[in-house]
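Each chain is listed here by its residues.
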Amino acid sequence: MIFDWQFAWDTLPKLMAALKVTVAATVLGMAVALALGLALALARRSRLQWLSWSTAGFIEFVRSTPLLVQIYFLFYILPGLGIELSAFATGVVALGLHYAAYCSEVYRAGFDGIPRGQWEAASALNLSRYHTIGRIIIPQAIPPVVPALGNYLVAMFKDTPMLSAITVLELLQTGKVVGAETFRYLEPLTLVGALFLVLSLISAAGIRGLERRLQKWVAQ
Amino acid sequence: MNPIIRLRGVHKAYGELAVLRGIDLEVPAGQTVSVIGPSGSGKSTLLRLLMTLDRPDQGVLEIDGESPWTMEKNGSQQPADERHLRQVRGKVGMVFQHFNLFPHMSALHNVMEALLRVLRLPRTEAEARARERLSAVGLADKADAYPAHLSGGQKQRVAIARALAMQPKVMLFDEITSALDPELVGGILALLHEMSSKRTMTMVIVTHHMRFAESCSDRVVFFDEGVIVEDGAPKAIFHEPRHERTRRFVDAILGPEA
């Protein structure tokens, strides 16, 4: 089997279009994961016992069940509950929920890394709990965990092919379709892999840059 | 006149460890009180209770006539809500041994933060007051520096400016020179002395500097094993202690015949 460069070149536009779907799912899913993950981490720390415990239970549940099961579950169950979402939107919600559970654990590590003295100084200045968390704790807790959050961004990106299970025409699914139509799988699947590789490397570099910028107030 | 600080029968334990075992203390407004005693005697715990960082297990604690942890409601004492706690807490400020500056904010913004968020001053006014306080501690030129780029002494000055900017009625100082290099201690003590000589604030100073306690305070309280052993004028405590434990502590630190 010989790699047909011309065929690969002809296939590329289709794959690039599908790549947009994959990237959109990742970006939106990560936005959900980052925001919801922070909310979960804060709820987990809440002084309200019922909230803290139910959040811990939810996080454990999500982390202990496969992403694919969660994707199927949302896709087939949500419409029955009167929530009609497109396959793409369902996929974004599933990725977001799943990774929110992981991100919340990362945020938690960030919060745990803040010295007690910071909370006490905030109290001594009479800052409200809202301002203490929003102005003192979160800005210090997040920069150190950006690399860990970035790992989950790349992991989520690589999990997007699972959305093909609920008919989302993302990158891998499109590669397979091209293969099925032309009986040539080598070129499209190689390109799919290469595209994942290139984008993963770019995101990793972007995260390192962000990390450096966020750490500017730390001693050189 | 009512005392600004009043403690009666205050007990505090951390787990099994009884740190304060029945503290009675009244401090009139404007007084400078030094608290001395061996490590682990409960001095810092006293300040933590006064700052409302911790609550007493037992006993009465009042700041300016009000208990931070209880409030009167419908004619009976109820557990305080957040608003009441913060209203009382606002009368007290504290400087910590390890400064506890916010590392992600410049010196200026460390001082401004609570002025903006708690006192809700307009930005220009908050900045003016913060700059003025930084000048007062000799750091006008370090306003834009981040804590990581300041020396220990400079950090502690920012922390003092930050607490003073809130204009509390009571200021608490918890071993604020203990984490400093020896050559920086003098400057910070001089700053404390300057503050106490104005007599505008009530100051409670936990310190290991006996000469400072003697020369700068109106009153010295000697703590040991969670109780106040002796409480009196600096001269009396350092030169004519009535209790054997006070004598041994003072002698151990100053040397006999000091």
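Summarised in this report is the structure supplied together with it. Remember, it's a predicted structure, so these values are computed and weren't measured experimentally.

What about the overall build of chain B?
- Scanning chain B from terminus to terminus reveals nine helices and eleven strands.
- Taking 2.2 N^0.38 as the reference for a compact globule, 258 residues should give roughly 18 Å; the C-alpha atoms of chain B span a radius of gyration of 19 Å, in line with that estimate.
- With respect to the principal axes defined by its C-alpha atoms, chain B has extents near 55 × 55 × 35 Å.
- Evaluated residue by residue, chain B yields a buried proportion of 52% over its 258 residues.
- For chain B, the accessible area works out to roughly 11600 Å², and carbon and sulfur atoms hold 47% of it.
- Across chain B, the centroid of the 32 positively charged side chains sits 5 Å from that of the 32 negatively charged ones.

Overview of the interface of chain A and chain B
- Facing the 23 residues of chain A at the interface are 27 residues of chain B.
- Taken over both partners, the interface formed by chain A and chain B buries close to 2200 Å², and the fraction arising from carbon and sulfur atoms is 59%.
- Inspection of the chain A/chain B interface yields two salt bridges.
- Salt-bridge contacts for A:Arg135 lead to B:Glu113; the nearest nitrogen and oxygen are separated by 2.7 Å.

Structural notes on the layout of surface pockets
- If you add up the space inside the largest pocket, you get close to 600 Å³.
- Considering the residues around the largest pocket, the lining is formed by 21 residues, among which A:Arg47, A:Ser123, A:Arg129, B:Leu53 and B:Arg89 are closest to the centre.
- Those elements that place two or more of their residues in the lining of the largest pocket are helix H5 (116–124) and helix H6 (129–141) of chain A together with helix H2 (82–89) of chain B.
- The biggest single contributor to the lining of the largest pocket is H5(A), with four residues.

Some remarks on the pairing of strand E7 (residues 92–95) of chain B
Residue and element names in this part refer to chain B.
- Of the two faces of E7, both are covered, the one formed by Val92 and Met94 as well as the one formed by Gly93 and Val95.
- One ladder, built from four bridges, connects E7 with strand E8 (residues 170–174); its direction is parallel. Note on E8: the bridge partner recorded for Met94 is Leu172.

Notes on the side chain of B:Asp174
Residue and element names in this part refer to chain B.
- Note that Asp174 resides in strand E8.
- At 6.7 Å, Arg48 is the nearest oppositely charged side chain to Asp174, a buried residue that forms no salt bridge.
- Side chain to side chain, Asp174 and Ser44 meet in a polar contact 2.9 Å long.

So, the packing of aromatic side chains
- Enumeration according to the criterion identifies eight aromatic pairs over all chains in this entry.
- Between the aromatic rings of A:Phe157 and A:Phe196, the centroid separation amounts to 4.9 Å while the plane-to-plane angle is 55°, which identifies the pairing as tilted. Here A:Phe196 lies in helix H9 (residues 186–214) and A:Phe157 lies in helix H7 (residues 146–159), a separation of 39 residues in the sequence. Across the pair, A:Phe196 and A:Phe157 agree in class, each one buried.
- Three or more aromatic residues joined by ring pairs make a cluster, and in this case those are A:Tyr72, A:Phe75 and A:Tyr76.
- Positioned above the aromatic ring of B:Phe102 is the side chain of B:Arg162, whose terminal nitrogen or guanidinium carbon lies 4.5 Å from the ring centre.

Digging into the sheet that holds E7(B)
Residues and elements named next belong to chain B.
- The mixed open sheet is built from six strands, whose spatial order is E7-E8-E9-E3-E10-E11. With one partner strand each, in any of the chains shown, E7 and strand E11 (227–232) form the two edges of the open sheet. Taking the axes of each pair of neighbouring strands and ignoring which way they run, one obtains an average angle of 20° across the sheet.
- Taken together, the five bridges between E8 and strand E9 (residues 202–206) define a ladder with parallel strand orientation. Directly across from Val170, in E9, lies its bridge partner Thr202.
- Here helix H1 (residues 43–50) sits on the sheet and contacts strand E3 (32–36), E7, E8, E9 and strand E10 (219–224); the angle it forms with E8, its principal contact strand, is near 145°.
- The sheet strands contacting helix H6 (residues 182–198) are E3, E8 and E9, and the helix crosses E9 at an angle near 150°.

Concerning the sheet that holds strand E2 (residues 17–27) of chain B
All names here are of chain B.
- As summarised here, the arrangement of the three strands in space is E2-E1-E4, forming an open sheet in which the pairing is antiparallel. Bordering the open sheet on either side are E2 and strand E4 (58–63), each of which pairs with just one other strand. In this sheet, neighbouring strand axes are inclined to one another by 25° on average, regardless of whether the strands run parallel or antiparallel.
- With eight bridges connecting them, strand E1 (residues 5–14) and E2 associate as antiparallel partners. Within the sheet, the bridge partner assigned to Ile5 lies in E2 and is Val27.

Some points on the packing of helix H5 (residues 152–165) of chain B against H6(B)
Residue and element names in this part refer to chain B.
- Look at H5 against H6: their axes get within 9 Å of each other, and the N-to-C directions meet at 20°. Between H5 and H6, the crossing angle belongs to the class labelled roughly parallel. Note on packing geometry: the crossing formed by H5 with H6 is right-handed. On H6, the residues that touch Gly153, Gln156, Arg157, Ile160 and Leu164 of H5 are Leu184, Gly187, Ile188, Leu191 and Met195.

Regarding helix H1 (residues 5–44) of chain A
- Of all the bends in H1(A), the largest measures some 40° and sits at A:Leu12, one to four residues before the proline A:Pro13.
- Where H1(A) begins, the side chain of A:Asp4 points an oxygen toward the backbone nitrogen of A:Gln6, at a separation of 3.0 Å.

Some thoughts on the packing of H1(A) against H7(A)
All names here are of chain A.
- The N-to-C vectors of H1 and H7 enclose an angle of 140°; their axes lie 9 Å apart at closest approach. In this view, H1 runs oblique relative to H7, as classed from their interaxial angle. At the point where H1 passes H7, the crossing takes the right-handed sense. Here Thr22, Val23, Thr26, Gly29, Met30, Ala33 and Leu34 of H1 lie close against H7, whose contacting residues are Leu149, Tyr152, Leu153, Met156 and Phe157.
- Of the residues assigned to the contact of H1 with H7, the class counts are nine nonpolar, three polar and no charged.

Definitions and limits used
Residues numbered from 1 in each chain as written. Chains lettered and ligands numbered in written order. Predicted model: local features only at pLDDT ≥ 70, side-chain atom pairs only at ≥ 80, totals over all residues. Heavy atoms only, no water. Helix = DSSP H or I, 4+ residues; strand = E, 2+ residues; numbered from the N terminus. Rg over C-alpha atoms; globule rule 2.2 N^0.38 Å. Buried < 20%, exposed > 50% of the residue type's maximum accessible area, 1.4 Å probe, protein only. Areas by Shrake-Rupley, 256 points an atom, 1.4 Å probe, with all protein chains shown as cover. Lys, Arg positive; Asp, Glu negative; His and termini not counted. Charge placed at Lys NZ, Arg CZ, Asp CG, Glu CD. Contact = heavy atoms within 4.5 Å. Buried area = accessible area lost by both parts, 1.4 Å probe. Salt bridge = Lys/Arg side-chain N within 4 Å of Asp/Glu carboxyl O. 1 Å grid on protein atoms, 1.4 Å probe; cavity = no way out; pocket = protein on both sides within 12 Å on 5 of 7 lines; lining within 4 Å. Points joined across faces, edges and corners; volume = space filled by probe spheres on them. Pairing = 2+ DSSP bridges. Polar contact = N/O pair within 3.5 Å; in protein donor to acceptor, adjacent residues only side chain to side chain. Phe/Tyr/Trp six-rings, centres within 6.5 Å; stacked < 30°, edge-to-face > 60°. Lys NZ or Arg CZ within 6 Å of the ring centre and 35° of its normal. Axes fitted to C-alpha atoms, helices over the stretch in contact; angles between N-to-C directions. Parallel < 35°, antiparallel > 145°, perpendicular 65-115°, else oblique. Left-handed = near helix turned anticlockwise from the far one by under 90°. Bend = angle between axes of the 7 residues up to and from the residue. Nonpolar A, V, L, I, M, F, W, Y, C, P; charged D, E, K, R; others polar.

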